[in-house]
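Structural description and commentary
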Amino acid sequence: MAASTKAVSLLKRALTLSPSPPRGPPRAVGRLRGGGRRAQPQRRVPAEPTTPPPAAPRLQPPPCTALCPQDSLECGLRTCYRYLNQTSRSFAAVIQALDGELRHAVCIFYLVLRALDTIEDDMTISLDVKVPMLHEFHSYLYQPEWKYMESKEKDRQVLEDFPTISMEFRNLSKVYQDVISDICHKMGVGMAEFLEKKVDSQHEWDKYCHYVAGLVGIGLSRLFSASELEDAIVGQDTELANSMGLFLQKTNIIRDYLEDQMEGREFWPREVWSRYAKKLSDLAKPENIDMAVQCLNELITNALHHVPDVLTYLSRLKNQTVFNFCAIPQVMAIATLAACYNNKQVFRGVVKIRKGQAVTLMMDATNIQAVKAIMYQYVEEIFQKIPSTDPSSNKTRQIIASIRAMSLPSGPMASRHHYSPIYLSCAMLLAALSWQYLSTISKATEDYVQAGEN
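Residues numbered from 1 in each chain as written. Predicted model: local features only at pLDDT ≥ 70, side-chain atom pairs only at ≥ 80, totals over all residues. Heavy atoms only, no water.

Moving on, we get to the overall build of the protein chain. Scanning the protein chain for helices and strands turns up 19 helices and 2 strands. Buried residues in the protein chain amount to 59% of all 454 residues. Carbon and sulfur atoms make up 54% of the accessible area of the protein chain, which amounts to about 17,900 Å² in all. (Helix = DSSP H or I, 4+ residues; strand = E, 2+ residues; numbered from the N terminus. Buried < 20%, exposed > 50% of the residue type's maximum accessible area, 1.4 Å probe, protein only. Areas by Shrake-Rupley, 256 points an atom, 1.4 Å probe, with all protein chains shown as cover.)

Okay, here's the thing in structure tokens:
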């Protein structure tokens, strides 16, 4: 179903577990942070703190009267979707595949979290300015003229034109507004907490991942239920929704060890890595590769404990677009963990799943039985690679046994409708055609928008 650097997890890094899919069908929040996003425990603070700029006159939306002459609401919403495409092309395609008014609510949810994340990521903002902004950011949603013009981040347009985003937020139904504001508030507080705080214990790892991705999963689930496309239990069971986000975020953190080290970030919990090295960076040294792989395997085993919750959550979904939106990032995550397990390459370069493999996963993950089969396939792949001498081998086998039991047709979970092979094939064909159609429409829309701007 995603505290600091790349906050939109479920919405930012959480949703980039694989190469960006051909712009089209569902792929979430995972983040919505997407997926996801991630925090930086240590921050560089300028010598001279800056102060927040005073409220400025409302920033006019980019010129789009030629595109939407009917009224300002439609024009503002069009602008929001353009920002969505500019900040996350793959996620834009996913959102636009959702049904009804949920599509607009998730779009605004994403942009609000993107704006929050941009504040958090901007290292030119001093802590004495940034911390209060993170705590109060949710209140800016109700201040029509609030904007921030001092950011140096690449996505600063969502702050500079925040009046357009907040206007569309206030145009949403109150039930959607309440969810987005509440999650924004909690996430801002969590980001502030982890600005200079390192992740020490496994409990803190879970807490950090909750702030940057679990909250996204909870927020999305509440939006799904508020839209009435899903039952109330989907939004009420925050434990399962949180696990959806944690599974994506932990996968990102595990996979991105080397990239984070090169950028001076540390997200692996000290409680785990300290058993294998004196410093986290030591795991990248060739002489420590055996211990590094053992540490890697322990963290992957930890992440696998969220899979049962993921399967239970997905089994409750009824709407096809919501199911695809939630399921695809999860199957990408399990495929990524299978590729990383016992793999020395994690400490030497980038481990990615192949584009063809990613497309196959996206095409196949259309119902709960198919997702269970995919999960079964990849945990079997991990099982076959478990070294007999690995310190976590017994725990890894135990959680795989639990996942196997849930992934079999007779597994203990309420399932969605069972589709026959012919219906499933038709659904996959329709999905493929939809991908092509959405890709074409999206490209045409971009060209149209660009033409209007010129």
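What follows deals with the confidence of the model for the protein chain. Overall, the predicted model of the protein chain reaches an average pLDDT of 81, with 73% of residues at or above 70. Taken together, the stretch residues 1–73 has pLDDT below 50 and engages in 368 contacts with residues farther than four places along the chain or on a different chain. Long-range and interchain partners of residues 411–454, a stretch whose pLDDT sits below 50, account for 58 contacts in this model, where long-range means more than four residues apart. (pLDDT = per-residue confidence, 0-100. Contact = heavy atoms within 4.5 Å.)

With that out of the way, let us pick up the nonpolar core. One finds F137, W268, L283, Y313, L314 and F347 to be the most contacted residues of the largest nonpolar core, which totals 131 residues. Of all the elements, helix α15 (residues 320–340) adds the most residues to this core, at 14 residues. For F137, the contacting residues outside a window of four places in its chain are V112, A115, L116, I119, W146, L159, F162 and C184. (Core = buried A, V, L, I, M, F, W, Y, C linked by side-chain atoms within 4.5 Å.)

Further remarks concern the pattern of salt bridges. Counted under the stated rule, the structure contains 20 salt bridges. Linking R114 and D155 is a salt bridge whose minimum nitrogen-to-oxygen distance equals 3.4 Å. Of this pair, R114 sits in helix α3 (residues 102–121) while D155 sits in the loop between α4 (127–140) and α5 (157–160), and the two are 41 residues apart along the sequence. Between R265 and E263 there is a salt bridge, with its nearest N and O atoms 2.3 Å apart. A relative accessible area of 4% means that R265 is categorised as buried. Linked by salt bridges that have partners in common, E193, K197, E204 and K207 make up one network. (Salt bridge = Lys/Arg side-chain N within 4 Å of Asp/Glu carboxyl O.)

The next point concerns helix α14 (residues 307–315). An α-helical turn contains 3.6 residues, so any two residues separated by three or four positions project in the same direction. The buried fraction of α14 amounts to 7 of the 9 residues, a majority that puts the element mostly inside the structure. Among the residues making up α14, those that are buried are V307, P308, V310, L311, Y313, L314 and S315.

This part is about the packing of aromatic side chains. Counting across every chain of the model gives 13 aromatic pairs. Where Y142 meets F169, the ring centres are 5.4 Å apart and the plane angle is 80°; that geometry is what we call edge-to-face. In this pair, Y142 is assigned in the loop between α4 and α5 and F169 in helix α6 (residues 162–170), connecting sequence segments 27 residues apart. Ring pairing ties together the aromatic residues F137, Y140, W146 and F162, which thus form one cluster. (Phe/Tyr/Trp six-rings, centres within 6.5 Å; stacked < 30°, edge-to-face > 60°.)

With that out of the way, let us pick up unusual backbone geometry. Although it is not a glycine, E228 sits at a positive phi angle of roughly 70°. Among the structural elements, E228 can be located in the loop between α8 (202–226) and α9 (232–236).

Glancing now at the packing of α4 against helix α7 (residues 174–193). Two numbers describe how α4 lies on α7: the axes approach to 6 Å, and their chain directions differ by 165°. Regarding the angle of α4 to α7, the classification is roughly antiparallel. As α4 runs across α7, the sense of the crossing is left-handed. Along the contact surface, α4 presents V131, L134, H135, F137 and H138, while α7 presents S181, C184, H185, G188, V189, M191 and A192. Here the residues of the contact of α4 with α7 are counted per class, giving 7 nonpolar, 5 polar and no charged. (Axes fitted to C-alpha atoms, helices over the stretch in contact; angles between N-to-C directions. Parallel < 35°, antiparallel > 145°, perpendicular 65-115°, else oblique. Left-handed = near helix turned anticlockwise from the far one by under 90°. Nonpolar A, V, L, I, M, F, W, Y, C, P; charged D, E, K, R; others polar.)

For the rest of this paragraph, the subject is empty space enclosed by the protein. Size it by volume and the largest cavity reaches roughly 50 Å³. In terms of lining residues, the largest cavity is bounded by K198, V199, D200, E266, W268, R270 and W273. (1 Å grid on protein atoms, 1.4 Å probe; cavity = no way out; pocket = protein on both sides within 12 Å on 5 of 7 lines; lining within 4 Å. Points joined across faces, edges and corners; volume = space filled by probe spheres on them.)

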